[in-house]
Amino acid sequence: MMKQNNEFKRYIILFMIGLFSGINTYSQINVPTTSTYHVAAEDGAWCWFADPRAVYHKGKYEKVYYGYINSQGDVVIGSRDMKTKVVKSHILHKKLQIDDHNVPSILFLPDGKLLVFYTEHNGKFFMRKSKNMEDISAWEEEVTLSFGLDDEFITYSHPVMLSDENNRIYMFFRSRNRRTGTTQDVNWKQNYTYSDDLGKTWSIAKAYLTSKGSHNKIPYLKIVSDHKSKIHFLFTDGHPKVSLSSVYHVYYEKDKFYQTNGNELQGIHEIPLDITKIDKVYDYDKVKVKSWIWDIALDKKGRPVIAYARFPSIYDHIYYYAYWDGKKWQDYELINAGKYMTEPEKNGKVLEEHYSGGLVLDHHNPKNVFMSRQVNGVFEIEHWQRKGEKWKSTALTHNSSAKNIRPYVVDRHMGKPIVMWMHGVYDHFIRYNTSILINEKK
């Protein structure tokens, strides 16, 4: 039986407010059809470049912890107990910005306490630490961090802890300089900093990827780690809205960066990386079709698997799945997922034509792919499972009256994948009215 009462009530309330006030509200009341559907957050949204957004942790309790931005611009962390099914939430920062770029990322410390990181969209970087283990109800004071980049704006956060480096915490984030002239004076960077005392102090940030002063060459990044010694980077050389973007992969281990095949690129003290020397997973120059990245995971042998999209047109978002077989990339087209998921402005212009419904991997077993694609004009969630060179697909949602978008497989869960996604109305990254749903299978 679907647990949709809370969602039903929320949409009814919004609908009645609209009737009496005349404001533009959203009146969809049908939730996705799925036998294991639960509401993790009645009001929440997230982007896909700050991770992990949701983490499984089993200590004294067995819970899923997840971060999101609500429609008021509050930064929120939630938890769902897998045994009692009790959902709790806590606002970490009220009214930061109504912008889904600001979604928090979550890191568990060895003592079971949480570190949570979040940013403004091109602004400040924040960190909070829980006072107690496995508890989201009490937090230490918020800390604002600049990592020595006082004249730069920061976006996104992605923490990684490596056990082989004495639990050093690496933080990866994007920045750009404050504009001093034309847009061509803007330099976009992907940076790293680290902490050797579990987040108490941080090193001065250093850039390992830069746009070299080009406003259009924004490097977008996804990361996965073995949590021991290696960190894998999947990145582009631009935003498809403004650049002819290709897809690249490198990995880091023991102070050095390497090509996918293991050939050494540069030492960590020789950065930024020379992108012209990095092998491409997907080369725009050969196909002449723009692309954007969605996810990267590691297979049982520690080899990278990626999910990304190509855009022969803004009405055709083609999902791709690629994996490294030990010698070369095997790259496969999955399906045409339909058009962009955003809605036109009042003047009819679509601002984010390359926002796909979303395509992600199960990091425990990347043969499991979860995607949002248009089915009968509505974005639905599907599970695709790789069987050799063939695929089996199963619908997680169907007959929905609102969008099901941006799926995410909960990090660190070793059993059947726990999938979360956004459901509702999404016009733009600053205009959304969505819930966060969870499809949990024991």
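How each quantity is defined
Residues numbered from 1 in each chain as written. Predicted model: local features only at pLDDT ≥ 70, side-chain atom pairs only at ≥ 80, totals over all residues. Heavy atoms only, no water. Helix = DSSP H or I, 4+ residues; strand = E, 2+ residues; numbered from the N terminus. Buried < 20%, exposed > 50% of the residue type's maximum accessible area, 1.4 Å probe, protein only. Areas by Shrake-Rupley, 256 points an atom, 1.4 Å probe, with all protein chains shown as cover. Core = buried A, V, L, I, M, F, W, Y, C linked by side-chain atoms within 4.5 Å. Contact = heavy atoms within 4.5 Å. Phe/Tyr/Trp six-rings, centres within 6.5 Å; stacked < 30°, edge-to-face > 60°. Lys NZ or Arg CZ within 6 Å of the ring centre and 35° of its normal. Salt bridge = Lys/Arg side-chain N within 4 Å of Asp/Glu carboxyl O. Pairing = 2+ DSSP bridges. Axes fitted to C-alpha atoms, helices over the stretch in contact; angles between N-to-C directions. Polar contact = N/O pair within 3.5 Å; in protein donor to acceptor, adjacent residues only side chain to side chain. pLDDT = per-residue confidence, 0-100.

S.K.: Tell me about the overall build of the protein chain, and name the residues and values.
M.R.: Within the protein chain one finds 2 helices and 30 strands. Looking at the protein chain as a whole, 60% of its 442 residues qualify as buried. Summed over all atoms, the accessible surface of the protein chain reaches about 18,700 Å², with 49% contributed by carbon and sulfur.

S.K.: How would you summarise the nonpolar core if you had to cite specific residues and measurements?
M.R.: If you look at the biggest cluster of nonpolar residues, it comprises 84 residues, and the most contacted ones within it are Ile 306 and Met 420. Here this core gets 7 residues from one element, more than from any other, and that element is strand E22 (residues 316–324). Ignoring anything within four residues of it in the chain, the contact list for Met 420 reads Ala 40, Trp 46, Ala 54, Val 64, Tyr 66, Arg 406, Pro 407, Tyr 408, Val 410, Ile 436, Leu 437 and Ile 438.

S.K.: Please give an account of the packing of aromatic side chains that cites residues and values.
M.R.: Considering all chains together, one arrives at 40 aromatic pairs under this definition. On the basis of an interplanar angle of 25° and a centroid distance of 5.6 Å, the ring pair of Tyr 118 and Phe 126 is categorised as stacked. Note on Phe 126: relative accessible area 5%, which makes it buried. Directly above the ring of Tyr 61 sits Lys 63, whose terminal nitrogen or CZ lies 4.8 Å from the centroid. A cation sits over an aromatic face here: Arg 386 above Tyr 323, 4.2 Å from the ring centre.

S.K.: Explain the pattern of salt bridges to me, and be specific about the residues and the numbers.
M.R.: Applying the stated criterion across every chain, the model contains 16 salt bridges. Measuring nitrogen to oxygen at the nearest pair gives 3.1 Å for the salt bridge that ties Lys 280 to Asp 283. For Asp 283, a relative accessible area of 18% translates into the label buried. Put simply, Arg 303 and Asp 299 hold a salt bridge, and the shortest N to O gap is 3.3 Å. Residue classification places Arg 303 among the partly exposed residues on the basis of a relative accessible area of 24%. One salt-bridge network, held together by shared partners, links Asp 51, Arg 53 and Lys 222.

S.K.: Account for the sheet that holds strand E21 (residues 304–313), naming residues and giving values.
M.R.: Whenever strands of a sheet pair, they do so through backbone hydrogen bonds, lying parallel or antiparallel. With antiparallel pairing, the 4 strands of this open sheet are ordered in space as E20-E21-E22-E23. Because the sheet does not close on itself, it has two edges, and the strands there are strand E20 (290–298) and strand E23 (329–336). Strand-to-strand twist of the sheet, defined as the mean angle between neighbouring strand axes without regard to direction, takes the value 25°. Inspection of the sheet shows E20 paired to E21 by 8 bridges, in the antiparallel sense.

S.K.: For the side chain of Ser 229, give the residues involved together with the corresponding values.
M.R.: Along the chain, Ser 229 falls in the loop between strand E14 (221–225) and strand E15 (230–236). Of the polar contacts made by the side chain of Ser 229, one reaches the side chain of Glu 253; its length is 2.9 Å.

S.K.: Please provide a residue-by-residue account of the sheet that holds strand E10 (residues 152–162), values included.
M.R.: The sheet built from 4 strands is open, its strands ordered E10-E11-E12-E13 with antiparallel pairing. A single partner strand is all that each edge strand has here, and the edge strands are E10 and strand E13 (206–210). Between one strand axis and the next, the sheet turns through 25° on average, direction left out of account. As paired elements, strand E11 (residues 168–177) and strand E12 (residues 188–195) share 8 bridges and run antiparallel to each other. Bridge assignment links Tyr 170 to a residue of E12, and that residue is Tyr 194.

S.K.: Now, about the confidence of the model for the protein chain: what can you tell me, with residues and values included?
M.R.: The predicted coordinates ought not to be read in detail in places where the model reports low pLDDT. Overall, the prediction assigns the protein chain a mean pLDDT of 90, with 89% of residues at 70 or greater. Low pLDDT, under 50, characterises residues 1–31; the stretch is placed with 48 contacts to residues that sit more than four places away or in other chains.

S.K.: Explain the side chain of His 383 to me, and be specific about the residues and the numbers.
M.R.: As for its position among the elements, His 383 is in strand E26 (residues 378–387). With relative accessibility at 18%, the residue His 383 sits in the buried group. Of note is the side chain of His 383, whose polar atom sits 2.9 Å from the side chain of Asn 368. Setting aside residues up to four positions removed in sequence, His 383 forms contacts with Asn 368, Val 369, Phe 370, Lys 392, Ser 393, Thr 394 and Leu 396.

S.K.: Lay out unusual backbone geometry with the relevant residues and their values.
M.R.: Omega for the bond connecting Asp 51 with Pro 52 falls within 30 degrees of zero, at 0°, which places this linkage in the cis form. Within the secondary structure, Pro 52 is located in the loop between strand E1 (37–41) and strand E2 (54–58). Of the consecutive residues Ile 271 and Pro 272, the connecting peptide bond is found in the cis state with omega at 10°. Non-glycine residue Glu 134 carries a positive phi angle of around 55°. The buried category is assigned to Glu 134, whose relative accessible area is 4%.

S.K.: Tell me what's going on with the pairing of E11, and back it up with residues and numbers.
M.R.: Across the 10 residues of E11, 10 count as buried, placing the element largely inside the fold. As paired elements, E10 and E11 share 9 bridges and run antiparallel to each other. Looking at the pairing, Glu 152 lines up with Asn 177 of E11. Once E10 ends, the chain turns through 5 residues before running back antiparallel as E11, passing Asn 166 with a positive phi of about 55°.

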